[in-house]
Amino acid sequence: MFATYLIGLREGLEATLVVSILVAFLVKSQRRDRLPQVWAGVGLAVALSVLFGWLIEYTSTSLLSRSEDRELFEAITSVAAVVFVTWMIFWMRRAARTIAGELRGKLTEALAVGSLAVAGMAFLAVIREGLETALIFYSAAQGAAGDSGPLLALIGGIGTAVVLGVLLYASALRINLSKFFTWTGALLILVAAGILKYGVHDFQEAGVLPGLNNLAFDITSTLDPSTWYAALLAGMFNVTPAPTVLETIAWVAYAVPVLLLFLRPARRKPAPTATTTTVTERGADTGAEAEAASTPQRA
């Protein structure tokens with residue numbers, strides 16, 4: 001359940017920060033009349049994300065009758081979820097310093113077009129997070145059919161993210177978002193490695209990949225699956241006591257290089273010269289805002 005809570009917290013905070021930036025910009029620009037359009041776009045994005053999550057679950061449980069087809073569907077969604085997780089954490093690492101300025105610029109352009117453009121801009125800013133959350137949650141919660149724990153953990157993570165976002169907007173809380181996204185990103189890489197391992201297992205059960213009974217090792221006597229710590233490792237990172245050879249290769253081949261790349265110190269850009277323009281009239285983020293990444297401030 002910790003894995004799904006982490007997914008909800010990470011994705012929820014990203015979406016909350018995006019909405020906070022849009023709201024703060026409209027408040028500062030004395031355009032409160034456009035706030036209903038922003039909330040309409042956000043509401044539609046949330047509704048479609050929930051519908052997408054339900055559609056994935058319905059497809060797996062109702063539309064696919066053969067177990068082989070269900071296994072293959074779950075394997076494909078697992079691989080897709082790993083791709084989205086990897087793209088998301090590296091994108092946030094690269095874009096955190098400039099996302100606020102980019103969103104303000106896009107919202108300025110949308111305000112010039114009209115209310116539908118404002119709602120559409122808010123919708124597009126949130127829908128990506130929502131669709132990612134639905135897909136990643138489905139993949140991370142596989143094997144927990146009939147258990148409401150993962151769903152409650154996801155809702156709890158999103159709820160925590162909303163509270164943090166409101167406190168950040170109200171300047172009642174300050175956190176180092178750079179460190180927050182680094183630590184949660186590293187944990188999500190391990191979660192993604194487990195999802196990929198689960199996907200490989202589904203491919204093997206569907207008959208697409210061989211070696212279903214070819215175990216890499218068996219430490220069941222040491223790591224008893226019935227113990228709480230074994231259940232915790234399996235639930236968080238899909239670490240199991242008797243994985244197949246291909247599962248183990250997939251987990252290690254993804255987790256090790258991706259973690260090294262993600263935790264590698266970012267290259268510092270050279271300081272701008274006196275003739276270089278670093279701040280536009282539109283309000284790009286300054287170096288002093290880097291630590292807060294995209295934390296909005298109330299006027």
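Scroll up a little and you will see the structure.
What comes next concerns the included structure. (Residues numbered from 1 in each chain as written. Predicted model: local features only at pLDDT ≥ 70, side-chain atom pairs only at ≥ 80, totals over all residues. Heavy atoms only, no water.)

1. Some remarks on helix H6 (residues 149-169)
- Between the first and last C-alpha of H6 there are 30 Å, a value that for 21 residues agrees with the 30 Å anticipated at 1.5 Å per step.
- Residues of H6 that are buried include every one of Gly149, Pro150, Ala153, Leu154, Gly157, Ala161, Leu164, Gly165, Leu168 and Tyr169, and no others.
- Those residues of H6 hidden inside the fold are in contact with helix H1 (2-28), helix H5 (115-140) and helix H7 (177-205).
- Two residues or fewer after H6 comes serine 171, characterised by a positive phi angle close to 60 degrees. (Helix = DSSP H or I, 4+ residues; strand = E, 2+ residues; numbered from the N terminus. Expected span 1.5 Å × (residues − 1). Buried < 20%, exposed > 50% of the residue type's maximum accessible area, 1.4 Å probe, protein only. Contact = heavy atoms within 4.5 Å.)

2. Quick notes on the pattern of salt bridges
- All chains considered together, the criterion is met by 7 salt bridges.
- Note that glutamate 14 is salt-bridged to arginine 10, the shortest N-O span being 2.9 Å. Here arginine 10 and glutamate 14 lie together in helix H1, a separation of 4 residues that amounts to about one turn. For the pair glutamate 14 and arginine 10, a shared accessibility class is recorded, and that class is buried.
- Glutamate 132 is the partner of arginine 128 in a salt bridge, and the nearest nitrogen-oxygen pair spans 3.3 Å. On the criterion of helical spacing, the pair formed by arginine 128 and glutamate 132 is a turn pair, its members being 4 residues apart in helix H5.
- Judged by its relative accessible area of 22%, arginine 128 is partly exposed.
- With a relative accessible area of 2%, glutamate 132 lands in the buried category.
- Sharing partners across several salt bridges, the network here consists of Arg31, Asp33 and Arg34. (Salt bridge = Lys/Arg side-chain N within 4 Å of Asp/Glu carboxyl O.)

3. Structural notes on the packing of aromatic side chains
- Counting across every chain of the model gives 5 aromatic pairs.
- A ring pair is formed by tryptophan 54 and tyrosine 58, whose centres lie 5.0 Å apart and whose planes are at 15 degrees; its orientation type is stacked. Highlighted residues: tryptophan 54 and tyrosine 58, both in helix H2 (residues 35-63), separated by 4 residues, approximately one helical turn.
- Consider the rings of phenylalanine 90 and phenylalanine 262, whose centres lie 5.7 Å apart with planes at 90 degrees: the pair is edge-to-face. One end of the pair, phenylalanine 90, is in helix H3 (residues 67-95); the other, phenylalanine 262, is in helix H9 (residues 245-263), with 172 residues separating them in the sequence.
- The class for phenylalanine 262 is buried, based on a relative accessible area of 4%. (Phe/Tyr/Trp six-rings, centres within 6.5 Å; stacked < 30°, edge-to-face > 60°.)

4. Thoughts on the nonpolar core
- Ranked by internal contacts, the top residues of the largest apolar core, which has 39 residues, are Leu13, Leu22, Leu103 and Leu107.
- Of all elements in the fold, only H1, H2, H3, helix H4 (99-113), H5, H6 and H7 reach the threshold of two or more residues within this core.
- Sort the elements by how many residues they give to this core and H1 lands first, with 12 residues.
- For leucine 103, the residues in contact, after removing those within four places along its chain, are Val18, Ile21, Leu22, Met121 and Ala125.
- One finds Ala81, Leu154, Ala192 and Tyr254 within the second-largest nonpolar core, a separate group that totals 33 residues. (Core = buried A, V, L, I, M, F, W, Y, C linked by side-chain atoms within 4.5 Å.)

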